[in-house]
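Summary of the model geometry
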Amino acid sequence: MKNIRVIEHPLIKRDISILRDRRTSSEDFRIVLRRLTSLMVFEVTRDLRMVTREIETPLAKTEGYVGADQVILVPVLRAGLGMVEAYLSLIPDARVGHIGLYRDETTLKPVDYYAKFPPNLSKSVVIVVDPMLATGGSASAALSYLKKKEAVNIRLSCVVAAPEGVSLLEKEHPDVKIYAAVLDQRLNENGYILPGLGDAGDRIFGTL
Ligand code: PRP
Ligand code: URA
């Protein structure tokens, strides 16, 4: 498992525990998912490039920095929507593409229903956001789709990853680095992550 970076921090561990707890309401789930995502953005974007520019403080001239990379966020609908605002509050000039996928409940294969991206995918740092990496089918389909649209610099920001999904992405998209808050044990017979946090989309949007 060399492509995954698990971001460890006491505040992240606390928030994962709140998300896992079945008693957490949808309202709190959204708040905590957003907060947890904010804690992760720092690491996911650590290698973004900067350019220098001269600025004047009230006292002197000095060197300042601005971002050199255009960032495109791509939430995988629906659950990825729960992470977008956290990214946008820290990278306000990021643009947002959307990809709609759901897992067929019997085959567990992803079914796509929507895609809309900003231009210049090929020149941007693309961050795919989806809280759950289970079999990896949805993430792999999203990544293939983005590559077909000529994205080359892509990373995946999730919350809970399963070893099965990490292995699939390492095989099918070895160039894509995965960032997660936790690497869980395994999938159950229905393709849900154990111990996991249940169905992320349902918990975010109250469709349980
Ligand atoms: C969830 C999740 C991922 C996918 C992960 O979405 O948000 O997109 O499952 O599973 P996989 O790795 O096995 O593909 P879901 O299909 O439940 O759709 P939703 O977000 O609309 O609820
Ligand atoms: N999708 C989810 O939302 N949760 C899981 O555990 C697996 C797939």
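In what follows, the accompanying structure is described. (Residues numbered from 1 in each chain as written. Chains lettered and ligands numbered in written order. Predicted model: local features only at pLDDT ≥ 70, side-chain atom pairs only at ≥ 80, totals over all residues. Heavy atoms only, no water.)

Let's shift gears to the site of ligand 2. Taken together, Arg 103, Met 132, Ala 134, Gly 191, Tyr 192, Ile 193, Gly 198, Asp 199 and Ala 200 form the complete shell of residues around ligand 2. The separation between an oxygen atom of ligand 2 and a polar main-chain atom of Ile 193 is 2.8 Å. Between an oxygen atom of ligand 2 and a main-chain N or O atom of Ala 200, the distance comes to 2.8 Å. Coverage of ligand 2 by the protein amounts to 88% of the 240 Å² it exposes when considered alone. A breakdown of the residues in the shell around ligand 2 according to their chemical character gives five nonpolar, two polar and two charged. (Near = heavy atom within 4 Å. Polar contact = N/O pair within 3.5 Å; in protein donor to acceptor, adjacent residues only side chain to side chain. Areas by Shrake-Rupley, 256 points an atom, 1.4 Å probe, with all protein chains shown as cover. Nonpolar A, V, L, I, M, F, W, Y, C, P; charged D, E, K, R; others polar.)

Within helix α5 (residues 163–172) the residues assigned to the buried category are Pro 163, Gly 165, Val 166, Leu 169 and Glu 170. Buried positions in α5, seen along its axis, are confined to an arc of 160 degrees and lie on one side of it. (Buried < 20%, exposed > 50% of the residue type's maximum accessible area, 1.4 Å probe, protein only. Helix = DSSP H or I, 4+ residues; strand = E, 2+ residues; numbered from the N terminus. Arc of directions from axis to C-beta.)

For the pair helix α1 (residues 10–20) and helix α2 (residues 26–44), interaxial distance at closest approach is 9 Å and the crossing angle is 155 degrees. Here α1 is positioned roughly antiparallel relative to α2, judged by the angle of their axes. Crossing hand, α1 versus α2: left-handed. Together, Leu 11, Ile 12, Arg 14, Asp 15, Ile 16, Ile 18 and Leu 19 of α1 and Phe 29, Val 32, Leu 33, Arg 35, Leu 36, Leu 39 and Met 40 of α2 make up the contact between the two elements. Here the contact of α1 with α2 is composed, by residue class, of 11 nonpolar, no polar and three charged. (Axes fitted to C-alpha atoms, helices over the stretch in contact; angles between N-to-C directions. Parallel < 35°, antiparallel > 145°, perpendicular 65-115°, else oblique. Left-handed = near helix turned anticlockwise from the far one by under 90°. Contact = heavy atoms within 4.5 Å.)

The subject of this paragraph is the packing of helix α4 (residues 137–148) against α5. Packing of α4 against α5 brings their axes to within 9 Å, and their N-to-C directions diverge by 25 degrees. The orientation of α4 relative to α5 falls into the category roughly parallel. Between α4 and α5 the crossing geometry is right-handed. Residue-level contacts link Gly 137, Ala 139, Ser 140 and Leu 143 of α4 to Leu 168, Leu 169 and Glu 172 of α5.

These figures capture arrangement, not role.
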